[in-house]
Amino acid sequence: MIEVQQLTKRYGGDTAVDGVTFAVEPGRVTGFLGPNGAGKSTTIRMMLALTTPTSGRATVNGRPYRSLPAPLREVGALVEAAGLHGGRTAYRHLCWLAASNGLPRHRATVALERTGLASVADRRIRGFSLGMRQRLGVAAALLGDPSTLILDEPVNGLDPEGVHWIRTLLRALAAEGRTVLISSHLISEMALTADHLLVIGAGRLLADTGVDEFTRGHASLEAAYFALTADTTRYRGAGGSTR
Ligand SMILES: Nc1ncnc2c1ncn2[C@@H]1O[C@H](COP(=O)(O)OP(=O)(O)OP(=O)(O)O)[C@@H](O)[C@H]1O
C-alpha cells in the first residue's frame, strides 16, 4: 500500500507537484496518467526518496521509503532503464543487485524466468534491445519479491508481444495481492491493464477512480482522459487539439 499526503514539489517558482493526496491499494493495477510535465515522474521519484518533497509525505506500507529496513523486499521500482553496466551479463547484473541488497542469488534466476529473459541470462547487457533492457528493469524490480511495485512507463520500448506480456504480468502481480502502480502515456493500453486510475494534470490530482467509472458517459477511456486533462496540458504542438 502506498500513501501520499499533501505531497508538493517546487522547483524555484514552478510547482511540479501541488498538494497531491491519494492511496494506492493492493490487489489491483493502478494506472498513473497525465500529460507531459504533469508531475508523474516527480511524484514517483518522491515515493522512492529519489527526490525530496518540498512538503507533504509519501509512505510505503506505512513508512517513508528511506526508513524501510530492506527496501527491495518491500518495493520494486522501474524508474528508467539506466544504470546498467553494459559489460555484465543479465544474470551477473541481477546477482550483483541481489548481493548488494542482502537477497539470495536464486532470486536472480526466478526474476529472469518471470520476465522471459532466462534464455539470454548469459548475454552481455550491451547487446540488449530496448525491450530486453526494459524486461531486465522489471526483473530487477521483482528481485526482492516485493509487495509493492512502482513502474514508470514499463511499456516503453516493448513490441506487441512484450506489451501483452507486461499486461499479463502486471495483472498476475495484482491478483497475487500486490500493490501495482504504473505510469503510462498509452491510454488504450491502460484501458486493458488498469483497474483503477489516478490522473494528474499540472501537478494536481484530477481523478482517483475506477476505470469503468472514469469512462462512463464517454465514448472511450481516451475521450474521458482528453476531456479531463484538456485545460492542464503544459506542452502542446502548435495547432494541435487534444480532442
Ligand atoms: N529537476 C528538475 N528541475 C526543474 N524542474 C523539474 C525537474 N524535474 C521536473 N521538473 C519539472 O516538473 C514538472 C513535472 O515534471 P515530471 O517529469 O514529473 O512530469 P511527467 O508527468 O513525468 O512528464 P512526462 O510525461 O513528460 O514524463 C515539469 O514542468 C518539469 O519540467
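Relevant structure appears above.
Owing to the predicted nature of the structure, the values given are computational and were not obtained by experimental measurement.

**So, the overall build of the chain**
Along the chain, the regular secondary structure elements total nine helices and nine strands. The C-alpha radius of gyration of the chain comes to 18 Å, within 12% of the 18 Å expected for a compact globule of 243 residues. Split into buried and exposed, the 243 residues of the chain put 49% on the buried side. Across the chain, the fraction of contacts at a sequence separation of at least 24, relative to all contacts at a separation of at least 6, is 67%. When the 27 positive and 21 negative side-chain charges of the chain are each reduced to one mean point, those points stand 8 Å apart.

**Looking at empty space enclosed by the protein**
What the rule picks out here adds up to one cavity of 30 Å³ or more. In this structure, the largest cavity spans a volume of roughly 60 Å³. What lines the largest cavity is simply Pro154, Val155, Ile166, Arg167, Leu170, Ile182, Ser183, Ser184, Glu189, Met190 and Thr193. Breaking the lining of the largest cavity down by element, the ones donating at least two residues are α6 (160-175), β7 (179-183) and α7 (187-193). A per-class count over the lining of the largest cavity returns six nonpolar, three polar and two charged.

**With respect to the sheet that holds strand β1 (residues 2-11)**
Spatially, the three strands line up as an open sheet ordered β2-β1-β4, and their pairing is antiparallel. Either end of the sheet is taken by a strand with one partner, and the two such strands are β2 (14-24) and β4 (55-60). Pairwise comparison of adjacent strand axes, ignoring direction, gives a mean angle of 20° for this sheet. Where β1 lies against β2, seven bridges are found, and the strand directions are antiparallel.

**A closer look at the site of the ligand**
Within the structure, the ligand sits among 13 residues, and Gly37, Lys40, Ser41, Thr42 and His185 are positioned closest to it. One of the backbone nitrogen or oxygen atoms of glycine 39 is found 2.9 Å away from an oxygen atom of the ligand. Protein contact buries 60% of the 640 Å² of open area that the ligand shows by itself. When residues of the shell around the ligand are assigned to their parent elements, the largest contribution, three residues, is made by helix α1 (residues 40-47). For the shell around the ligand, the class distribution of residues is five nonpolar, six polar and two charged.

**Considerations on the packing of helix α3 (residues 90-100) against helix α4 (residues 106-114)**
As a packed pair, α3 and α4 sit with axes 8 Å apart at the nearest point and diverge in direction by 130°. Viewed along their axes, α3 and α4 adopt a mutual orientation that is oblique. The interaxial crossing formed by α3 with α4 has right-handed handedness. When α3 is examined against α4, the residues Ala90, Tyr91, Leu94 and Cys95 are found in contact with a partner set consisting of Ala108, Thr109, Ala111 and Leu112. Looking at side-chain class alone, the contact of α3 with α4 contains seven nonpolar, one polar and no charged residues.

Rules behind the numbers
- Residues numbered from 1 in each chain as written.
- Predicted model: local features only at pLDDT ≥ 70, side-chain atom pairs only at ≥ 80, totals over all residues.
- Heavy atoms only, no water.
- Helix = DSSP H or I, 4+ residues; strand = E, 2+ residues; numbered from the N terminus.
- Rg over C-alpha atoms; globule rule 2.2 N^0.38 Å.
- Buried < 20%, exposed > 50% of the residue type's maximum accessible area, 1.4 Å probe, protein only.
- Contact = heavy atoms within 4.5 Å.
- Lys, Arg positive; Asp, Glu negative; His and termini not counted.
- Charge placed at Lys NZ, Arg CZ, Asp CG, Glu CD.
- 1 Å grid on protein atoms, 1.4 Å probe; cavity = no way out; pocket = protein on both sides within 12 Å on 5 of 7 lines; lining within 4 Å.
- Points joined across faces, edges and corners; volume = space filled by probe spheres on them.
- Nonpolar A, V, L, I, M, F, W, Y, C, P; charged D, E, K, R; others polar.
- Pairing = 2+ DSSP bridges.
- Axes fitted to C-alpha atoms, helices over the stretch in contact; angles between N-to-C directions.
- Near = heavy atom within 4 Å.
- Polar contact = N/O pair within 3.5 Å; in protein donor to acceptor, adjacent residues only side chain to side chain.
- Areas by Shrake-Rupley, 256 points an atom, 1.4 Å probe, with all protein chains shown as cover.
- Parallel < 35°, antiparallel > 145°, perpendicular 65-115°, else oblique.
- Left-handed = near helix turned anticlockwise from the far one by under 90°.

Take it as geometry only, folks, not as evidence of what the structure does.
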